[in-house]
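Breakdown of the fold
This is what each chain is made of:
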Amino acid sequence: CYTSALGKQGLRRSLKLDLEQKLFGQHLATEVILKALTGFKNNRNPKKPLTLSLHGWAGTGKNFVSQIVAENLHPKGLKSNFVHLFVSTLHFPHEQKIKLYQEQLQKWIRGNVSACASSVFIFDEMDKLHPGIIDAIKPFLDYYEQVDGVSYCKAIFIFLSNAGGDLITKTALDFWRAGRKREDIQLKDLEPVLSVGVFNNKHSGLWRSGLIDRNLIDYFVPFLPLEYRHVKMCVRAEMRARGAAVDEDIVTRVAEEMTFFPKDEKIYSDKGCKTVQSRLDFH
Ligand SMILES: Nc1ncnc2c1ncn2[C@@H]1O[C@H](COP(=O)(O)OP(=O)(O)OP(=O)(O)O)[C@@H](O)[C@H]1O
C-alpha cells in the first residue's frame, strides 16, 4: 500500500514543494513536518510509529497540512483506504459510549495496520477527545515490536488541536511588537510556551492522556496565527483552484471582510483562512 514510486528523495522533494507552494506563513510547521516525515521514511527499522501533534489557532492549516502529508504518502490522500480521519465530536460524541468506541477503534486500527503497515491515522479536535479514547490507542503508539502479532512501527498518527494556540499567538505578537520578523521565530522560542500551554495544561487532552509523560509524541508542530497578507494568499490560491483569474479587487474585498485581532493592532485573522472559500462564493 505504500507508494514507494516516489522514492525517499522523491518524497522529500515533493513534500517540500507542496508545503512551500501551498502552505502560507508556516515556516516552523514546514520545517518540522519535512524533518519528521523524511527522517521517518528514511528509517528502515523504526522502533515506534511516527506521532505528530499539530497545535495552533483555528484555520491556520492543521487539517490542510495533514491532507498534504496524506497525499504525499498515499496518492488518493484522505480518500485513500489507508488514510483515516477521526473527528472527536463526530465519531466519539457520547461519553457513555466510551467503552464501545475504544473497542471499535482498536479493532479498526489493528485491522487497517494489518492490511497496510504504513496506514495514516489523523485525530482532529484532540482537545475535545475523551482521554479514554487516547488510552485505547496508547498501546499502538509505544515502543513495542508487535502487539498481538501486528507491528505498528510504520504507521503514522497525526493529532490536531487548538491547545497552546493562544500562547503561540502571544509569542508571535511579542515578536511583531518588538519589530522582529515573523520568519525569525524559532522553535526554541515556542518550546517553553508549548510546555506551559500543552504539556502542563490539565485541560489540553494530551496532558491527561499520559502521551506526553511517556514520550510518545515525536514532534510538536506549532502553527502561527495568519496575517492579512496570508489571508490574501489564501484567497488567490482559492481563485486559482477554481480556475478563475486572480482579481486583486476581490482578493482585497474578501480579506477585508475577515476580522482581525488584537483589537488595537488588528494583525491576525481570528478564523485564519477558514472562511475564505465560503466568502469567495459571494463575490
Ligand atoms: N497556512 C495556510 N496556508 C494555506 N491555506 C490555508 C492555511 N491555513 C488554512 N488554509 C486554508 O483554509 C482552510 C481551513 O484550514 P484548516 O482546516 O487546515 O484549519 P485548521 O488549522 O485545521 O483549523 P481548526 O483548528 O479550526 O480545525 C484549508 O482547507 C486551506 O484551504
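Residues numbered from 1 in each chain as written. Predicted model: local features only at pLDDT ≥ 70, side-chain atom pairs only at ≥ 80, totals over all residues. Heavy atoms only, no water.

Near the ligand there are 18 residues, and of these Phe 24, Gly 59, Lys 62, Asn 63 and Lys 274 occur at the shortest range. Contact between the ligand and Asn 63: an oxygen atom at 2.8 Å from a side-chain N or O atom of the residue. Between the ligand and the protein, one listed contact pairs an oxygen atom with a backbone N or O atom of Phe 64 at 2.9 Å. For the ligand, whose unbound accessible area comes to 630 Å², protein coverage reaches 86%. (Near = heavy atom within 4 Å. Polar contact = N/O pair within 3.5 Å; in protein donor to acceptor, adjacent residues only side chain to side chain. Areas by Shrake-Rupley, 256 points an atom, 1.4 Å probe, with all protein chains shown as cover.)

Our focus in this paragraph is the pattern of salt bridges. Under the criterion given, the structure shown has 13 salt bridges. Note that Arg 182 and Glu 227 form a salt bridge whose closest N and O atoms lie 3.4 Å from each other. With Arg 182 in the loop between helix 7 (165-177) and helix 8 (187-199) and Glu 227 in the loop between strand 5 (219-223) and helix 10 (228-241), the pair connects residues that are 45 residues apart, well separated along the chain. The buried category is assigned to Glu 227, whose relative accessible area is 11%. (Salt bridge = Lys/Arg side-chain N within 4 Å of Asp/Glu carboxyl O. Helix = DSSP H or I, 4+ residues; strand = E, 2+ residues; numbered from the N terminus. Buried < 20%, exposed > 50% of the residue type's maximum accessible area, 1.4 Å probe, protein only.)

Glancing now at the sheet that holds strand 5. Either a parallel or an antiparallel arrangement is found when strands of a sheet pair, and the pairing is made through backbone hydrogen bonds. Pairing is parallel in the open sheet, where five strands are placed in the order 2-3-4-1-5. Pairing within the sheet leaves two strands with one partner each, and these edge strands are strand 2 (83-87) and strand 5. Neighbour-to-neighbour, the strand axes of the sheet open up by a mean angle of 15 degrees, direction not taken into account. When strand 1 (residues 50-56) meets strand 4 (residues 156-161), the two strands line up parallel, connected through six bridges. Following the sheet pairing, His 55 is matched in strand 4 by Ser 161. Across the sheet, helix 3 (residues 62-73) lies against strand 1, strand 2, strand 3 (120-124), strand 4 and strand 5, angled at about 165 degrees from strand 4, the strand it touches most. Across the sheet, helix 6 (residues 131-141) is in contact with strand 1, strand 3 and strand 4; its angle to strand 4 comes to roughly 145 degrees. (Pairing = 2+ DSSP bridges. Axes fitted to C-alpha atoms, helices over the stretch in contact; angles between N-to-C directions. Contact = heavy atoms within 4.5 Å.)

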